[in-house]
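Examining the three-dimensional arrangement
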Amino acid sequence: MSERQRTTVTARRLDGIPPTIFSQMSALAVATGAVNLGQGFPDVDGPERIIEEAVSALHDGRNQYAPGPGIPALREAVAAHQQRHYDLTFDPAREVAVTTGATEGIATAILALVDPGDEVILVEPYYDSYPAMVQFAGGVRRPVTLSLDASAEGGRLPREALEAAASEKSKMLLLNSPHNPTGTVLTREELETVATFARDHDLVVVSDEVYEHLTFDGTDHIPIATLPGMRERTLTLSSIGKSFSFTGWKVGWATGPEHLVQALLGAKQWMTFTSGAPLQPAAAYALDHLDRWPKELALDLQERRDLLCDGLKQIGLDVTIPEGTYFAVSDISDLGWRDGLEFCEALPDRAGVVAIPLQGFYDSDAGKHLVRWTFTKQRDVIEEALDRLARGTLKK
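One numbering rule holds for all chains: residues counted from 1, following each sequence as written. Only residues with pLDDT of 70 or above have their local features reported here, since the model is predicted, and side-chain atom pairs are shown and tallied only from 80 upward, although totals for entire chains, interfaces and linings are computed over all residues. Note: side-chain values were computed over all heavy atoms of the structure, leaving out hydrogens and water.

Some words on the pairing of strand 4 (residues 140-145)
- The pairing criterion is simple: DSSP has to find at least two bridges between the two strands. A run of H or I in DSSP counts as a helix once it spans at least four residues, and a run of E counts as a strand once it spans at least two, with each numbered from the N terminus. Note: strand 3 (residues 119-124) against strand 4, six bridges, orientation parallel. For glutamate 119, the partnering residue across the bridge sits in strand 4 and is valine 140.
- Where the polypeptide runs from strand 3 across helix 5 (residues 129-136) and back to strand 4, its parallel neighbour, the crossover connection is right-handed. When the strands point away from the viewer and the connection leading from the first strand across the helix to the second strand turns clockwise, the crossover is called right-handed.

Structural data, given as structure tokens:
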């Protein structure tokens, strides 16, 4: 054995970053034949017309590299979408970039804007790629816990909690509303608190808004970039995946002031450079011509949300009613399990259902007994899951 041979070849930037829980629980669903209410992907594709546009692009020779920032048609469609829905004006040539899903947008934004030692304020529970990418960049995460109580004093993200996470090293605030995994949609008042905090501390805001059109009960999604003084410091991310039920296409985009978008592209060019050439024209078609489809999807999802949440309540499981997204959250602390992970690992054998434990999305213990369920499944799948849960043994 060479004296230089190391016991491990894994880079230290991966230390403490476990495999994503979504792959773990989906594999458990396959292995056990359980109903998968864990990973949030639809079991029915989006509009056939969009698929036809992608097929046409394939046959028309759109199979080589697209421009690194994205094809002009999609960048123009994204800019028009932001103008139409939110009265936000962006130059499609310099202030819009196409990404390989919003996940790459998150990764490239953090790599482009965070130096080693910079602090990034995250709202916990957070999507698991957020802390991973902060660690990759050498940043330091500073979590702020989102309250699940909509009537909480000072809102669900009170200024005092934000201030407690801030320091002279704070560089970025990573925001997500509509929020995965809790289904929270921040109100204008809550966003104004966040915006004032960001301005006072001169923070860049990266706003993950992939569920922007999937809100319920008349709840409005308000992009933080629309608030005074925020357009010039906010990089907004979204994608076709959630709004049009094409999660596997991985076509996303970023909008914001030129200096932030071009910084993102500076990192992206050394990662994927470009992706999904024949899918980009189809995404442009969806944004330009099928504006009502996400609204109809949201109404359908609202009915499925009610089916799941009403069923969980009847079984005796606590549930917080989500205002948006694909997900609802239960607190299982009264069932006797050590934590949500132990419960979720046992659930396939005890009830034939898979869910996602949330403790891995927190730095604090606030999520120790929280479990996420998805309702982006067909009604018969949700009904089967509820029937299994009702017949299963949920208490330890």
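Observations regarding the UniProt feature "domain: Aminotransferase class I/classII large" (unreviewed entry) in the protein chain
- The positions UniProt marks with the feature "domain: Aminotransferase class I/classII large" (unreviewed entry) are residues 35-389.
- End C-alpha to end C-alpha, residues 35-389 measures 10 Å, and it is 39% helix and 15% strand. UniProt positions are given in the numbering used here, feature names are shortened, and annotations may be inferred rather than shown by experiment.

Let's talk about the sheet that holds strand 11 (residues 356-357)
- Read across the sheet, three strands follow the order 9-12-11 without closing on themselves; strand pairing throughout is antiparallel. In this open sheet, the two edge strands, each paired with only one partner strand, are strand 9 (327-331) and strand 11.
- Bridging between strand 11 and strand 12 (residues 370-374) involves two bridges; their strand directions are antiparallel. The partner of isoleucine 356 across the bridge, within strand 12, is arginine 372.
- Contacts between residues were defined by any pair of non-hydrogen atoms, one from each residue, lying within 4.5 Å. Each axis is a line fitted through C-alpha atoms, taken for helices only over the stretch in contact, and angles between the N-to-C directions span 0 to 180 degrees. Strand contacts of helix 12 (residues 340-351): strand 11 and strand 12, with the helix running at about 45° to strand 12, the strand carrying the most contacts.

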